[in-house]
Amino acid sequence: MFRARIAAAVLAAASLALLPGCLTLFSKTEVVRGEEPRRPIRFENTQAAEAFNKALKDKSASLGGTHMGIPFVTFYSKDRHLSDSAHFNDCVARCDSDQDGVITLAEARIFEKMDK
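What you see is a predicted model, and the numbers here were worked out from it, not measured in a lab.

Criteria and cut-off values
- Residues numbered from 1 in each chain as written.
- Predicted model: local features only at pLDDT ≥ 70, side-chain atom pairs only at ≥ 80, totals over all residues.
- Heavy atoms only, no water.
- Helix = DSSP H or I, 4+ residues; strand = E, 2+ residues; numbered from the N terminus.
- Buried < 20%, exposed > 50% of the residue type's maximum accessible area, 1.4 Å probe, protein only.
- Contact = heavy atoms within 4.5 Å.
- Areas by Shrake-Rupley, 256 points an atom, 1.4 Å probe, with all protein chains shown as cover.
- Phe/Tyr/Trp six-rings, centres within 6.5 Å; stacked < 30°, edge-to-face > 60°.
- Polar contact = N/O pair within 3.5 Å; in protein donor to acceptor, adjacent residues only side chain to side chain.
- Core = buried A, V, L, I, M, F, W, Y, C linked by side-chain atoms within 4.5 Å.

Describing the overall build of the protein chain
And step 1. Along the protein chain, the regular secondary structure elements total four helices and five strands.
And step 2. Going from the N terminus to the C terminus, the protein chain shows its helices and strands as α-β-β-α-β-β-α-β-α.
And step 3. Across the 116 residues that make up the protein chain, the buried fraction comes to 27%.
And step 4. Sequence-distant contacts in the protein chain: of pairs separated by 6 or more residues, those separated by 24 or more amount to 72%.
And step 5. When the accessible area of the protein chain is evaluated, it comes to approximately 8,500 Å², of which 60% is carbon and sulfur surface.

Next comes the structure, spelled out in structure tokens:
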């Protein structure tokens, strides 16, 4: 009887240590504005193009998401991301402050310093 209780306790402890903590897991990434074509854009010079492209890589395409977890029961995660062309278009719209279709070196440097 005593050995059965010890065996059950050891089995329970081993199960908690070795088994995963979630019974259900849901994770989804949704791509937003996937069919949007890239906007045509010109650059003042090669330095402006390099500065814009460097800043473009540093900017996040994430629109946020929903995360919920209850320990040992479930984890739910849903993220939304812009498509590559939509992300490019949004960055061009923020960078080209005078909206003339030409990104200058000054605009690209200001865009590099923007938070988001």
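Next, the rest of the story.
Here we look at the packing of aromatic side chains
And step 1. According to the stated counting rule, one finds three aromatic pairs in the structure shown.
And step 2. Taking the centre distance of 5.5 Å and the plane angle of 25 degrees together, the rings of Phe52 and Phe111 count as stacked. Taken together, the residues Phe52 in helix H2 (residues 46-58) and Phe111 in helix H4 (residues 105-113) connect sequence positions 59 residues apart.
And step 3. Residue Phe52 is classed as buried on the basis of its relative accessible area of 0%.
And step 4. The exposure class assigned to Phe111 is buried, which follows from its relative accessible area of 1%.
And step 5. Of the aromatic side chains, those joined through ring pairs into one cluster are Phe43, Phe52, Phe88 and Phe111.

A short note on unusual backbone geometry
And step 1. Look at Arg33: it is not a glycine, yet its phi comes out positive at around 60 degrees.
And step 2. Within the element layout of this structure, Arg33 appears in the loop between strand S1 (24-32) and strand S2 (42-43).
And step 3. One non-glycine residue with positive phi stands out, namely Gln99, at about 55 degrees.
And step 4. Mapped onto the fold, Gln99 is located in the loop between helix H3 (84-95) and strand S5 (102-103).

Re the environment of Gln99
And step 1. Exposure remark for Gln99: the relative accessible area of 46% places this residue in the partly exposed category.
And step 2. If near-sequence neighbours (up to four positions away) are discounted, Gln99 is found in contact with Arg39 and Ala93.
And step 3. Engagement of the side chain of Gln99 in a polar contact is seen with the backbone oxygen of Ala93, the distance being 3.0 Å.
And step 4. Looking at Gln99, its side chain comes within polar contact range of the main-chain oxygen of Asp96, at 2.5 Å.

Let's talk about the nonpolar core
And step 1. Counting residues in each nonpolar core, the largest one holds twelve residues, listed as Ile41, Ala51, Phe52, Ala55, Leu56, Phe88, Cys91, Val92, Cys95, Ile103, Ala108 and Phe111.
And step 2. Setting aside residues no more than four positions away along its own chain, Ala55 makes contact with Phe111 and Glu112.

Details of the environment of Phe88
And step 1. Positionally, Phe88 belongs in helix H3.
And step 2. Apart from residues no more than four positions distant in its own chain, Phe88 is found in contact with Arg38, Arg39, Ile41, Phe52 and Leu56.

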